[in-house]
Amino acid sequence: MFKFNFMSLKAVLFDMDGVIVDTEPLHRKAYFKTFDELEITVSEDLYTSFTGASTKRVFETLIEKYNLNRTYETMADIKRSHFKNYFDNDEEFDLIPGVRKLIEHYYENDIKLILASSATMTTINMVFGKFGLEKYFSGKISGADLKESKPHPEVFLLAAEMAGEPVENCMVIEDSTNGILAAHRAKIFCAAYRSPHSKNQDYTLADTVVSDYEDLELDKISTYF
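Now for a look at the structure at hand. Note that the coordinates shown come from a computational prediction; the quantities given were computed from them, not determined experimentally.

**A word on unusual backbone geometry**
And step 1. Here Lys150 and Pro151 are connected by a cis peptide whose omega angle stands at 20°.
And step 2. Structurally, Pro151 is set in the loop between β3 (139–142) and α7 (154–163).
And step 3. The phi dihedral of Asn67 is positive, around 55°, even though this residue is not glycine.
And step 4. Here Asn67 is to be found in the loop between α3 (55–66) and α4 (72–89).
And step 5. On the basis of relative accessible area, Asn67 is assigned to the exposed category, the value being 69%.
And step 6. Positive phi, normally seen in glycine, also occurs at Lys187, with a value near 60°.
And step 7. Mapped onto the elements, Lys187 comes out in the loop between α8 (177–185) and β5 (189–193).

Here you go:
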């Protein structure tokens, strides 16, 4: 566990899926429609193990496991097409309750915000455009553009660098086992959001766990230290 003085908090590094928006149901529908087209059966345990991982890592794993004669790019294009259809047309798709207020709270208190997600930059920009989030964030990083994906710490180390802050002045907000482990390996204080949509995730390595974003407002997090 990593201790820091909340008064030194200068930057918050947000995951996106399950933290800012609940795209998981959309991704799930798109992935399983793609699996059907590929004629492979993916178990719930295997699918759950992909939570927080990049699309590239998911399909590279499936290529090896099922000896598929397709490139990851081809499969990713199929999945992306299905996802966009659900993104544009699913009436229940919205921001996670309370997250806009939290983002605005940090922004108004001069906390730098960096998006550090395993999602593609295309998906990140779709979400930011749909919900008007661009002005609040100083930078965005897509794990899909990096050599390593979560649970490797690269995305959070780069996010801290993008914020211009040492890791001890940063906090990660995550909801997945892989993301929490990535933050732990980066030695950055991690607040885990217990999302009702992220099942079977391990919060053991998180420094604090919350179910309501009000608990991460600045006057509240001071009680954790």
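**Focus on the pairing of β5**
Each regular strand carries side chains that alternate between the two faces of the sheet.
And step 1. The buried fraction of β5 amounts to five of the five residues, a majority that puts the element mostly inside the structure.
And step 2. Side chains Phe189, Ala191 and Tyr193 project from β5 onto one buried face, and the interleaved Cys190 and Ala192 project onto a second face that is buried too.
And step 3. Inspection of the sheet shows strand β4 (residues 170–174) paired to β5 by four bridges, in the parallel sense. Paired with Ile173 across the two strands is Ala191, which belongs to β5.
And step 4. After leaving β4, the chain enters α8 and then returns to the sheet as β5, a path that is right-handed.
And step 5. Bridge count for β5 against strand β6 (residues 208–210) is three bridges, and the pairing is parallel. In the strand pairing of β6, Ala191 is matched with Thr208.

**A look at the pattern of salt bridges**
And step 1. In the structure shown here, the tally under the stated rule is ten salt bridges.
And step 2. Residue Lys101 is joined to Glu214 by a salt bridge in which the shortest nitrogen-to-oxygen separation is 3.8 Å. You can see Lys101 sitting in helix α5 (residues 99–108) and its partner Glu214 sitting in the loop between β6 and α9 (218–221), a full 113 residues away along the chain.
And step 3. Exposure remark for Lys101: the relative accessible area of 47% places this residue in the partly exposed category.
And step 4. With relative accessibility at 38%, the residue Glu214 sits in the partly exposed group.
And step 5. The residue Glu174 makes a salt bridge to Lys150 at a minimum N-O spacing of 2.7 Å. Taken as a pair, Glu174 in strand β4 and Lys150 in the loop between β3 and α7 lie far apart in primary sequence, 24 residues in all. Considered together, Glu174 and Lys150 belong to a single accessibility category, that of buried residues.

Cut-offs and rules
- Residues numbered from 1 in each chain as written.
- Predicted model: local features only at pLDDT ≥ 70, side-chain atom pairs only at ≥ 80, totals over all residues.
- Heavy atoms only, no water.
- Helix = DSSP H or I, 4+ residues; strand = E, 2+ residues; numbered from the N terminus.
- Buried < 20%, exposed > 50% of the residue type's maximum accessible area, 1.4 Å probe, protein only.
- Pairing = 2+ DSSP bridges.
- Right-handed = clockwise from strand over helix to strand, strands pointing away.
- Salt bridge = Lys/Arg side-chain N within 4 Å of Asp/Glu carboxyl O.

Read these as spatial facts, not as claims about activity.
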